[in-house]
Amino acid sequence: MGRYLVRRLAQAALVVVGVVVLTFIVVRLLPGDPAAAYAGPRASPEDLARARELLGLDKPVIAQLGMYMSGLVQGDWGTSLHTRLPVTHDLSIAFPASLELVGTALIFAVLIGIPLGLLAARFFGSPVDGAVRLGSMFAAAFPVFLLALIVQNTFATKLGWFPVAGEYDSKLDSTSPLHLYTNITIVDAFITGNWPIFLSTLHHLILPALVVAAYPIGVVTQMTRAAVSEEASLDHARLERALGFAPGQVLRRFSFRPSLNPILTLLALVFAYSLVNAFLVESIFNWPGLGNYAVASIRSLDTAAVAGVTLIVALAYVIANLLVDIAQTFIDPRVRLS
Amino acid sequence: MRSTRYKTVGALIAVASAASLLAACSGGAVKPSDSSANPSTSTAVSDTFVYAQNLEVVTDWDPATSYSNEGIVMPNVYETLTRYNPATQKVEPLLATAWQQSNGGKTWTFTLRDGVKFHDGAVLDAAMAKASIERTMKLQGGASYIWGAVKTIETPSANTVVFNLSYPAPIDLISSSSYGAYIYDEKAGGTTAFKDFVATGKDGGSGPYTVALWDKGHETEVKLAAFDGYWGGWTGTHYKNVEYRVVPEVTTSWQLLQSGDVSMVGRLNPQIFAEAQNTKGIATSVTSSFQNLLALYNTADGPMKDVRVRKAVRDAIDYNGLVSALKGGVVQANGVVPKGLLGFNQNIVQQQNLEEAKSLLADAGYGPGGNKLSLTMTYAEGDADQQLFATLLTSALQQLGVELKATPLQWNAQWDRAKSADTAKRQDIFVMYWYPDYADAYTWFINMFHSADPPFFNLAYWNNAAADKLIDSLPALTAVTPPLAQAAYTTLQKMIIDQDAVASVLYVQNYQRAYSSTVQNYVDNPAYPNVPFVYNMAPGA
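Let us look at the structure shown here. (Residues numbered from 1 in each chain as written. Chains lettered and ligands numbered in written order. Predicted model: local features only at pLDDT ≥ 70, side-chain atom pairs only at ≥ 80, totals over all residues. Heavy atoms only, no water.)

1. Let's talk about the overall build of chain B
Phase 1: Broken down by element type, chain B carries 15 helices and 19 strands.
Phase 2: For 541 residues, the compact-globule estimate of 2.2 N^0.38 gives 24 Å, and the C-alpha radius of gyration of chain B, at 26 Å, lies within 12% of that figure.
Phase 3: The C-alpha extent of chain B, read off along each of the three principal axes, is 85 × 80 × 45 Å.
Phase 4: Only carbon and sulfur atoms are counted for the fraction: they give 52% of the accessible area of chain B, which is about 21,000 Å².
Phase 5: Separation between the mean location of the 39 positive side-chain charges and that of the 48 negative ones in chain B comes to 3 Å. (Helix = DSSP H or I, 4+ residues; strand = E, 2+ residues; numbered from the N terminus. Rg over C-alpha atoms; globule rule 2.2 N^0.38 Å. Areas by Shrake-Rupley, 256 points an atom, 1.4 Å probe, with all protein chains shown as cover. Lys, Arg positive; Asp, Glu negative; His and termini not counted. Charge placed at Lys NZ, Arg CZ, Asp CG, Glu CD.)

2. Quick word on the overall build of chain A
Phase 1: If you tally the helices and strands in chain A, you get 14 helices and 0 strands.
Phase 2: Put simply, chain A runs from its N terminus to its C terminus through helices and strands in the order α-α-α-α-α-α-α-α-α-α-α-α-α-α.
Phase 3: A total of 338 residues make up chain A; the buried ones form 54% of that total.
Phase 4: Taking the contacts inside chain A whose residues are at least 6 apart along the sequence as the reference set, 73% of them involve residues at least 24 apart.
Phase 5: About 14,900 Å² of surface is accessible on chain A, with carbon and sulfur atoms providing 70% of the total.
Phase 6: Side-chain charges of chain A comprise 22 positive and 21 negative groups, with the mean position of each set lying 10 Å from the other. (Buried < 20%, exposed > 50% of the residue type's maximum accessible area, 1.4 Å probe, protein only. Contact = heavy atoms within 4.5 Å.)

3. Section: the packing of aromatic side chains
Phase 1: Under the defined criterion, the tally for this structure stands at 33 aromatic pairs over all chains.
Phase 2: In textbook terms, an aromatic cluster arises when at least three aromatic residues are bridged by ring pairs, as seen for Tyr-209, Tyr-230, Trp-231, Trp-234 and Tyr-535 of chain B.
Phase 3: The ring of Phe-123 of chain A is capped by Arg-122 of chain A, whose NZ or CZ atom sits 4.8 Å from the centre of that ring.
Phase 4: The ring of Trp-231 of chain B carries Arg-113 of chain B above its face, with NZ or CZ at 3.9 Å from the centroid. (Phe/Tyr/Trp six-rings, centres within 6.5 Å; stacked < 30°, edge-to-face > 60°. Lys NZ or Arg CZ within 6 Å of the ring centre and 35° of its normal.)

4. Section: the pairing of strand S12 (residues 282–297) of chain B
Residue and element names in this part refer to chain B.
Phase 1: Of the pairings in the sheet, the one linking S12 to strand S17 (residues 503–516) comprises 12 bridges and is antiparallel in character. If you follow Val-286 over to S17, its bridge partner there is Gln-512.
Phase 2: Bridging between S12 and strand S16 (residues 429–434) involves 6 bridges; their strand directions are antiparallel. By the bridge assignment for S16, Tyr-297 is matched with Ile-429. (Pairing = 2+ DSSP bridges.)

5. Concerning the sheet that holds strand S4 (residues 96–102) of chain B
To summarise the sheet geometry, strands pair through backbone hydrogen bonds and adopt either a parallel or an antiparallel arrangement.
Residue and element names in this part refer to chain B.
Phase 1: The strand order across the open sheet built from 4 strands is S4-S5-S7-S6, with neighbouring strands paired in antiparallel fashion. Whereas interior strands pair on both sides, the edge strands pair on one side only; in this sheet they are S4 and strand S6 (150–157). The sheet shows a mean angle of 20° between the axes of neighbouring strands, direction not considered.
Phase 2: Where S6 meets strand S7 (residues 160–165), 5 bridges bridge the pair, whose relative direction is antiparallel. (Axes fitted to C-alpha atoms, helices over the stretch in contact; angles between N-to-C directions.)

6. What about the pattern of salt bridges?
Phase 1: Applying the stated criterion across every chain, the model contains 12 salt bridges over all chains.
Phase 2: Residue Arg-225 of chain A pairs with Asp-129 of chain A through a salt bridge whose shortest N-O separation is 2.6 Å. One end of the pair, Arg-225 of chain A, is in helix H10 (residues 195–232); the other, Asp-129 of chain A, is in helix H6 (residues 127–141), and 96 residues separate them in sequence. Take Arg-225 of chain A and Asp-129 of chain A: they sit in the same class, and that class is buried.
Phase 3: Of the charged contacts, one joins Asp-306 of chain B and Arg-308 of chain B as a salt bridge, the two residues approaching to 2.9 Å between their closest N and O atoms.
Phase 4: Asp-306 of chain B gets classed as partly exposed once you look at its relative accessible area, which sits at 22%.
Phase 5: Accessibility expressed as a relative area gives 33% for Arg-308 of chain B, which makes it partly exposed. (Salt bridge = Lys/Arg side-chain N within 4 Å of Asp/Glu carboxyl O.)

7. Examining the environment of Ala-467 of chain B
Residue and element names in this part refer to chain B.
Phase 1: Along the chain, Ala-467 turns up in helix H14 (residues 465–480).
Phase 2: Residue classification places Ala-467 among the buried residues on the basis of a relative accessible area of 0%.
Phase 3: The spatial distance from the C-alpha of Ala-467 to the C-alpha of Ser-451 is 8.8 Å, given a sequence separation of 16 residues.
Phase 4: Setting aside anything within four residues of it in sequence, one finds Ala-467 in contact with Trp-462, Leu-492 and Met-495.

8. As for unusual backbone geometry
A negative phi holds for most residues other than glycine; trans holds for most peptide bonds.
Phase 1: Cis geometry marks the peptide bond from Asp-453 of chain B to Pro-454 of chain B; its omega dihedral reads 0°.
Phase 2: Along the chain, Pro-454 of chain B turns up in the loop between helix H13 (442–449) and H14.
Phase 3: Residue Asn-183 of chain A is not a glycine yet carries a positive backbone phi of 70°.
Phase 4: With respect to the helices, strands and loops of the structure, Asn-183 of chain A is situated in the loop between helix H8 (172–175) and helix H9 (185–191).
Phase 5: For Asn-286 of chain A, which is not a glycine, the phi torsion comes out positive at approximately 50°.
Phase 6: Position of Asn-286 of chain A among the secondary structure elements: in the loop between helix H12 (247–284) and helix H13 (290–299).

9. So, helix H11 (residues 384–399) of chain B
Structural remark: α-helix, 3.6 residues per turn; residues separated by three or four positions point the same way.
Residue and element names in this part refer to chain B.
Phase 1: With 16 residues, H11 extends 23 Å between its outermost C-alpha atoms, agreeing within 8% with the 22 Å of an ideal straight helix rising 1.5 Å per residue.
Phase 2: The complete set of buried residues in H11 reads Asp-385, Gln-386, Phe-389, Ala-390, Leu-393, Ala-396 and Leu-397. On an axial view of H11, the arc spanned by its buried residues comes to 140°, and they lie on one face. Exposed and oriented more than 90 degrees from the buried face of H11 are Ala-384, Gln-398 and Gln-399.
Phase 3: A distance of 3.0 Å separates the backbone nitrogen of Asp-385 from a side-chain oxygen at the start of H11, and that oxygen is part of Asp-383. (Expected span 1.5 Å × (residues − 1). Arc of directions from axis to C-beta. Polar contact = N/O pair within 3.5 Å; in protein donor to acceptor, adjacent residues only side chain to side chain.)

10. Digging into the pairing of strand S9 (residues 220–226) of chain B
Residue and element names in this part refer to chain B.
Phase 1: Along S9, 7 of the 7 residues are buried, which leaves the element largely enclosed by surrounding structure.
Phase 2: Sheet analysis places strand S8 (residues 209–214) next to S9, joined by 5 bridges and oriented antiparallel. Paired with Thr-210 across the two strands is Ala-225, which belongs to S9.
Phase 3: Taking the residues between adjacent antiparallel strands as the criterion, S8 and S9 are bridged by 5 residues, where Gly-217 takes a positive phi near 95°.
Phase 4: The pairing of S9 with strand S10 (residues 241–246) spans 5 bridges and is antiparallel. Bridging from a neighbouring strand, Thr-220 pairs with Arg-245 of S10.

11. Let's talk about a nonpolar patch on the surface
Phase 1: Nonpolar side chains collect at one region of the surface, where Ile-107, Leu-111, Ile-112, Leu-116, Leu-119, Phe-123, Val-128 and Leu-210 of chain A lie side by side and expose about 630 Å² of accessible area between them.
Phase 2: Per-element tally for the nonpolar patch: the top contributor is helix H5 (residues 87–122) of chain A, with 5 residues. (Patch = residues over 30% accessible without salt bridge, like charges linked within 9 Å, V, L, I, M, F, W, Y side chains within 5 Å.)

12. Some words on the packing of helix H8 (residues 307–316) of chain B against helix H15 (residues 482–499) of chain B
Residue and element names in this part refer to chain B.
Phase 1: Packing of H8 against H15 brings their axes to within 10 Å, and their N-to-C directions diverge by 90°. The angle between H8 and H15 falls in the class roughly perpendicular. Each of Val-307, Lys-311 and Arg-314 in H8 lies in contact with H15, whose residues at this interface are Ile-497, Asp-498 and Gln-499.
Phase 2: Of the residues belonging to the contact of H8 with H15, the class tally is 2 nonpolar, 1 polar and 3 charged. (Parallel < 35°, antiparallel > 145°, perpendicular 65-115°, else oblique. Nonpolar A, V, L, I, M, F, W, Y, C, P; charged D, E, K, R; others polar.)

13. Structural notes on the side chain of Ser-206 of chain B
All names here are of chain B.
Phase 1: Take Ser-206: it is sitting in the loop between helix H5 (194–199) and S8.
Phase 2: Residue class for Ser-206 comes out buried when judged on its relative accessible area of 1%.
Phase 3: One polar contact links Ser-206 to Glu-79, side chain to side chain, over a distance of 3.2 Å.
Phase 4: Apart from the residues within four sequence positions on either side, Ser-206 is in contact with Val-77, Tyr-78, Glu-79, Leu-95, Val-116, Lys-117, Phe-118, His-119, Tyr-230 and Trp-231.

Encoded structure:
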């Protein structure tokens, strides 16, 4: 296990470094002068020269990359051109908000997708299976921005059941100030017992999280159905049925656990995908996550900020995959880490 | 099985925990609290004006160097000596109650208002006004260039400030600037340097509102609270709190306005604005701005060096068609200077004339039987209005046998190309917006039409000694003899548009505002783009 972890961490570090280098170079190759973005449209030549020097843009790209990588190692992810604040500070606000949204969406995906997949597998080939398959395909294929607009317009604007946008009611900042520990609002509100903000966040979270969850629910349902059905067709399942176990029992007790491996692997992939897929949803529901920050960073050729967003998404992907690999060894004794 | 379930859930939680740990380690342990928080008085909906803005609100809180989006907040927190009124085309008293110029516009004496307090309780006097302007000049950031004419500032009495200039300039207008002209208490932070003090979301202003909360990165980025000691007083009906919400998506802003979550939206697209005009509970207003779109023609190189080609392109533009296609979002321009500023002349009219354009091209040797003409144009990427102009001009020029290669670029790339040392790489037509930092048309002429080498904003590369001389005379004329300044502006505009065809002014943008019908007394002041002067507004039923 130890050697495996060391090897995986080394591979992960290579992936992350590769992603950062590529992002840095691509953003630097884009036409335009980041100093002009920093100094503003009415900057004088002197202002531009000062900005170039301040941002290190007067040095060769390789030297800039070296300085950036050296800063990364020391925990300095650079300063954002458009917010003028350390990128780590910006990400410490934006990433937890995205995590809150995507985390909730994945909980929905597990709670809805797995039972639906089991249901489809239990009634494999029946109209119930057909309906679940159709529904899950629709959920996975429907454009997320369109779904977000429809859901927002219907359930928030027209019916008024949910807030239109935002993370929580900002008036609560005055009446129930929130103490931050993790920067994940709903978690901080829960652990500090700040129920007005907890309930408000929950209320604001449901619609965007359901929209982000649409794709994960679809694919988790499909994967659960396929994996459990396949497991249920193996010899051990025939034996269990011959021994008198009901079909539902065979699925739940004997076929589901071995099917968890592909589902978990899928969840790790879906997690990273959803972080990026949520950008559009965050924009429509004005969720203060990575989406708005990434768009503003790209528009202003903000290399440090773009690289920061890419780095944190890559790290999340790598960590999630590693954790899933480890989790699989506990779930399925046949899996060995080597 | 049970333990496995726990481990599975644990793995998922671990992902969240790892990221949370990263977040927690990288700063922000305590959410900025609303320093004005007074639950019993500050949260009534009718007392709070909520403004939805599509970009981050604050980049720089320092009134000396601020030069970005925070311009929509600053005039509610800080004040200037004067404020411009576009209806009268004159400046009006604010922190100064009277002023006069002497010495041919090279000396300006301002009398300060009595009883003005800053938010920390300090009382405004001449020394503080002098100190804040001198600090702004010294820092050389943002729009500090507006004080370029100031040689010295004297304070002969506690309420008198005298500006001695090195050349005549309209200091009364300059003092009304939306950037760089604020009077502030630079000692508000005590032992903390003023820049560091304001960088934490505090302020040293004297305006009707004080900064109560700055929560960068969050949806409600800024909250302001009424300053009880405001010199204007709080009798009558006023908003007591102001919130600035960052809502990048226009459709979301519109939904929030309809649901009553925001009081006003800074900008909607034309389609949604049209819907807003017919929506119950929503009020709208349309005001002509000081921002216009110009097409600058390359007078130095390439085919447009020939004035006949420039005039042909100028005459090929369908000015009326562009305005009607943009459905109320813009109005037709009358020359370079927008309405509401000294120098505006409604007799300067631009019209499409394809026959004249064809004739000019033939004279220049292009068209049927002549040489083939191909032009390049750059404009701002993502700007639908400019995209429409590119389409219309491409089509009009096609009728004349001219090919137009119109390229949308990010501003930085567009600007880089225009300033390229290799003149062959520069464009033939450069499209850009311009607006003044203070209510003076001089900015268009000194920046875009005065000769400069290397080029900066003069991207028509025009070099005309007579025009330069006239432009250089504008500040003194504006300060001392405005009617002569008006005549000079007219002469210049005729040179630029008619005689030399240096540029075409395509349209002037309109401000299209949508706000809750409960918002009373809203007036757009184009000298302060997108600024809701909240103190002057009132919450209604």
